[in-house]
Amino acid sequence: MKIAFDIDGVFTDYEWFLNAYGERYLKRHKKDYLLQNPEKYTFRERFGCSEKIELKFFSRYLFWYAKKMPVRENVSIVIKRLKEEGHSIHIITARALADRKDILGRLMRFHLRKWLSKNKILYDSISYVSMEHSAAEKVKLCREQKIDIFVEDDPENIVALRDQCRVICIEASYNQSMEGVEHAIDFGEVYQLINDQGIRQLRYHDLRKLKEEERKQYLIHLRKSFEIQPFDAGFRGKYEYFIRRTVRWVIQAGRFLFPVQVEGKEYLKQKKPAIYVCNHRSYLDIILCYCILGEIPARFLGKKEIKWYHFLQRKAGTIFVVREDKRSRKASKNTMIHTLLNGGNVLLYPEGTRNRTKSSLLPFRLSAVYMAQITGCPIVPIVIRKKKDKFMVHVDKPVSINIQDDLKVKNDNIKENMCRIYKGLGQA
């Protein structure tokens, strides 16, 4: 088959770029604009600003975006697998300036090809269309190149393309109401849809309604749907090497900055991949967890808003999430499940955010127990409490989640046990 991909919003999380960098730019220049219309596609419509401000924003960030914008998880490995299966890959993009024939156009095309090469994205052809007439021009190219599947995110383009070929929509707040097309949250789901092997993920409340045998069969099929997804073993090797090389220096620095006393170290190393869960009270918890795990490589779940992820956390394999966005939460959960099923470890904070209250722990989200039930991986609870100038750490016995278990009951049990340990550390 001939499969076409857009770039902005498909290979990249364009919506996050507009929100995060748009708000940063407007605050820095003391413009009183807030995110007013998150369901709109353009910068001007989303923030309710003038065309002049929109042009200033893109003149400031466009070439940074073209050179350094991170690619979505698993894009390169999915496209590589599709090519190995005999599909041809065509990029059809309305990247700003790229269709121009002047020096700016040549410069943008150069940076775009370099960015694709840097991120190891293979393709058979690349075509540039204008931003003003992208829908009509994409339909024309789609017809000329006899495209079978088009992966797109722009609502206007989706409406024009869905009568011409099969369209897979990469979900964002501005296109979630699109009908007559298939929706994917990440490139794992894109691969499943292309191969007609997708399975709808049930929410916890819907899962509870199933009988035990039905739930068992559903979880088996769901696990298989993740196992067929291409896995980037090269990326795993890179972040594991980075963690092992870097964590030694972190531990040495930690001995002077924040001495750590750990109980239950024997539970850290598991025979199979593990889900490490930890309470969360400070930004230091991330560094502390690296010191606790030592050279055990685990992918952390972290906020996408953090400023320093480009050169540190991304190298360490951090899985990023925008907590307020349910699509981002689902995509990060899919990535963690995929990592676990391919031999990697993950660490997350089940409270979902830092605990700034007087309570020992905040309510736990169900993500950890849900992933443990699907993957069969144990949950290893880690409890941290600061006492004077020392951090007291207790690693508890691993918890297994079986298919027949009630996730809410198991989740509450883990929380209550960690709460009890937290109070005990205060008395030690």
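Structural data are supplied above this passage.
**Points about the packing of aromatic side chains**
Alright, step 1. On inspection of all chains with the given rule, the structure shows 23 aromatic pairs.
Alright, step 2. On the numbers, 6.0 Å between centres and 20° between planes, the contact of Phe5 with Phe187 is stacked. One end of the pair, Phe5, is in strand E1 (residues 2-5); the other, Phe187, is in helix H8 (residues 187-194), with 182 residues separating them in the sequence.
Alright, step 3. Residue Phe5 is classed as buried on the basis of its relative accessible area, which comes to 0%.

**Quick look at the packing of helix H10 (residues 212-227) against helix H14 (residues 326-341)**
Alright, step 1. Viewed as axis vectors pointing N to C, H10 and H14 meet at an angle of 80°, and their least axial separation amounts to 9 Å. By the angle between their axes, H10 is roughly perpendicular relative to H14. The residues of H14 that touch H10, namely those facing Arg223, Phe226 and Glu227, are Asn334, Ile337, His338 and Leu341.
Alright, step 2. The residue makeup of the contact of H10 with H14, split by class, is three nonpolar, two polar and two charged.

**Remarks on the sheet that holds strand E10 (residues 319-321)**
Alright, step 1. Pairing is mixed in the open sheet, where seven strands are placed in the order E7-E13-E12-E8-E11-E9-E10. One side of each edge strand has no neighbouring strand; the edge strands of this open sheet are strand E7 (260-263) and E10. Direction aside, the axes of adjacent strands within the sheet are offset by 20° on average.
Alright, step 2. With three bridges joining them, strand E8 (residues 275-278) and strand E11 (residues 345-348) adopt parallel strand pairing. Among the inter-strand pairings, Tyr276 is bridged to a residue of E11, identified as Leu347.
Alright, step 3. Strand contacts of helix H15 (residues 367-375): E8, E11 and strand E12 (379-387), with the helix running at about 165° to E8, the strand carrying the most contacts.
Alright, step 4. Against the sheet, helix H16 (residues 407-427) engages E8, E12 and strand E13 (390-395), with an angle of about 30° to E12.

**Things to note about the environment of Lys265**
Alright, step 1. By the secondary structure assignment, Lys265 is in the loop between E7 and E8.
Alright, step 2. Classification of Lys265 by relative accessible area gives exposed; the value is 54%.
Alright, step 3. Here the alpha-carbon distance between Lys265 and Leu293, two residues 28 residues apart in the chain, equals 8.8 Å.

**Focus: the pairing of E1**
Alright, step 1. Sheet analysis places E1 next to strand E2 (residues 88-93), joined by four bridges and oriented parallel. Bridge pairing links Ile3 to Ile89 in E2.
Alright, step 2. Summarising the sheet, E1 and strand E4 (residues 149-152) pair through three bridges and their orientation is parallel. Bridge assignment links Ile3 to a residue of E4, and that residue is Ile149.

**Topic: the environment of Val380**
Alright, step 1. Mapped onto the elements, Val380 comes out in strand E12.
Alright, step 2. Taking the C-alpha atoms as reference points, Val380 and Lys269, 111 residues apart in sequence, are found 9.6 Å from one another.
Alright, step 3. Excluding residues within four positions of it along the chain, Val380 makes contact with Tyr267, Gln270, Ala274, Ile275, Tyr276, Val277, Val395, Asp396 and Pro398.

**Thoughts on the pairing of E4**
Alright, step 1. Here E4 shows a buried face lined by Ile149 and Val151 and a second buried face lined by Phe150 and Glu152.
Alright, step 2. As judged from the four bridges shared by E4 and strand E5 (residues 166-170), these two strands associate in the parallel manner. Looking at the pairing, Val151 lines up with Ile168 of E5.

**Section: unusual backbone geometry**
In most cases, non-glycine residues show a negative phi, while peptide bonds are predominantly trans.
Alright, step 1. One non-glycine residue with positive phi stands out, namely Lys120, at about 55°.
Alright, step 2. Within the secondary structure layout, Lys120 lies in the loop between helix H5 (103-118) and strand E3 (125-128).
Alright, step 3. A relative accessible area of 56% places Lys120 in the exposed class.
Alright, step 4. Here Asp196, not a glycine, exhibits a phi torsion of approximately 55°, which is positive.
Alright, step 5. Tracing the sequence through the fold places Asp196 in the loop between H8 and helix H9 (204-209).
Alright, step 6. Relative accessible area serves as the criterion here: at 63%, Asp196 is assigned to the exposed category.

**Description of the environment of Leu222**
Alright, step 1. Along the chain, the position of Leu222 falls in helix H10.
Alright, step 2. For Leu222 and Lys410, which are 188 residues apart along the polypeptide, the C-alpha to C-alpha distance reads 21 Å.
Alright, step 3. Excluding residues that lie within four positions of it along the chain, Leu222 makes contacts with Ile199, Gln201, Tyr370 and Ile374.

How each quantity is defined
- Residues numbered from 1 in each chain as written.
- Predicted model: local features only at pLDDT ≥ 70, side-chain atom pairs only at ≥ 80, totals over all residues.
- Heavy atoms only, no water.
- Phe/Tyr/Trp six-rings, centres within 6.5 Å; stacked < 30°, edge-to-face > 60°.
- Helix = DSSP H or I, 4+ residues; strand = E, 2+ residues; numbered from the N terminus.
- Buried < 20%, exposed > 50% of the residue type's maximum accessible area, 1.4 Å probe, protein only.
- Axes fitted to C-alpha atoms, helices over the stretch in contact; angles between N-to-C directions.
- Parallel < 35°, antiparallel > 145°, perpendicular 65-115°, else oblique.
- Contact = heavy atoms within 4.5 Å.
- Nonpolar A, V, L, I, M, F, W, Y, C, P; charged D, E, K, R; others polar.
- Pairing = 2+ DSSP bridges.

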